[in-house]
Amino acid sequence: MLLLRRIVLYRQICKLSLAPISTKAKEDALGNSTTHEPGETHFGFQTVKESDKWKKVHKVFEEVAASYDLMNDAMSMGVHRVWKDMFIERLAPIGNGVRLLDMAGGTGDISFRYMKYLQKLTTVARNPSHVTVCDINQNMLDVGQTRWERLNLHTAGDTIEWVCADAEKLPFDDSSYSVYTIAFGIRNCTHIDRVLAEAYRVLKPGGRFMCLEFSHVNNEYLKWMYDQYSFQVIPPMGQILANQWQPYQYLVESIRKFPLQNEFKAMIENAGFKCVQYENLTFGVVAIHSGFKL
């Protein structure tokens, strides 16, 4: 039965994937940059006013909130779970009085992994930890809170809160967190430099910034295959599984507009972070960037 359903899904995708990748899409997939007038930015491959981008991104995640986890599993064939597990492993949380700000963490994937880690430390004497799950989209936070109650990850003394806020204008005090994480969210922000500046501001001295984000495949043959899958399969899959084409078209376009690994590393350094490093996962499909406020 499962095999039959997969065959049916494959046939449906093939029917919806007849249009070739546009010349514009091919150019952007190859990394060609687009210049914008002052006050303009990109929304996928579209040029929009900076003041309009957050509204468009907000609408995208309102539309996909309910099917977000299903589509993550379908698009990555479950590999996103491995990426997130590795992200927490690289963070290597000590679990002793940590104050974690999980930005763009709406549905809770990163925060819940950290809380599961804390559950393993029940026999260890430690100070309680606190997690703030922050997202600009209340719909995503609502999904995360429902999951939180269902998963029952509560640990004695540890606390979690849910805050709807903009990554570019955080409502938190200076030097108030020891760890700042953002997973698959920073590319959706209008001003990445402002997001990084806010991350630096709210971190304590010695605090760590960690970002998990879609990035760029370096191998030309793998890149071609990845582009074909991204443009020809993911939007039709979104239409079939979530009744949403455009949000997933935006997804694959936004990945191509995100800075290259070294360029993003330089942006993190420009924000003031030290010891900045990155690690490619799955040939660069995603990358983990890390830095410290020293």
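Residues numbered from 1 in each chain as written. Predicted model: local features only at pLDDT ≥ 70, side-chain atom pairs only at ≥ 80, totals over all residues. Heavy atoms only, no water.

1. A few points about the overall build of the protein
Summing up its helical and strand segments, the protein has 12 helices and 9 strands in all. Buried residues in the protein amount to 51% of all 294 residues. A separation threshold of at least 6 residues defines the contact pool for the protein, and within that pool the share at least 24 residues apart is 74%. About 14600 Å² of surface is accessible on the protein, with carbon and sulfur atoms providing 55% of the total. (Helix = DSSP H or I, 4+ residues; strand = E, 2+ residues; numbered from the N terminus. Buried < 20%, exposed > 50% of the residue type's maximum accessible area, 1.4 Å probe, protein only. Contact = heavy atoms within 4.5 Å. Areas by Shrake-Rupley, 256 points an atom, 1.4 Å probe, with all protein chains shown as cover.)

2. Quick word on the environment of Asn 218
As for its position among the elements, Asn 218 is in the loop between strand S7 (203-214) and helix H9 (220-232). Dropping the residues within four chain positions of it, Asn 218 is found in contact with Asn 280 and Phe 283.

3. Points about the confidence of the model for the protein
Should pLDDT be low for a region, the predicted coordinates there are not to be read in detail. For the protein, mean pLDDT is 83; residues scoring 70 or higher make up 77% of the total. pLDDT under 50 marks residues 1-34. Its contacts with residues more than four places away, or in other chains, come to 38 contacts. (pLDDT = per-residue confidence, 0-100.)

4. Focus: the packing of H9 against helix H10 (residues 234-242)
The geometry of H9 relative to H10 is characterised by a closest axis approach of 4 Å and an angle of 30° between their N-to-C directions. Together, Tyr 229, Ser 230, Phe 231 and Gln 232 of H9 and Ile 234, Pro 235, Pro 236 and Met 237 of H10 make up the contact between the two elements. (Axes fitted to C-alpha atoms, helices over the stretch in contact; angles between N-to-C directions.)

5. A word on the nonpolar core
Counting 42 residues, the largest nonpolar core has Trp 83, Leu 212, Phe 214 and Val 286 as its most contacted members. Phe 214 has contacts with Trp 83, Phe 184, Arg 187, Tyr 226, Leu 251, Ile 255, Phe 258, Val 285 and Val 286, leaving out every residue within four places of it along the chain. In terms of nonpolar packing, the next biggest core, distinct from the first, is built from 26 residues, Phe 172, Tyr 177, Tyr 180 and Leu 203 among them. (Core = buried A, V, L, I, M, F, W, Y, C linked by side-chain atoms within 4.5 Å.)

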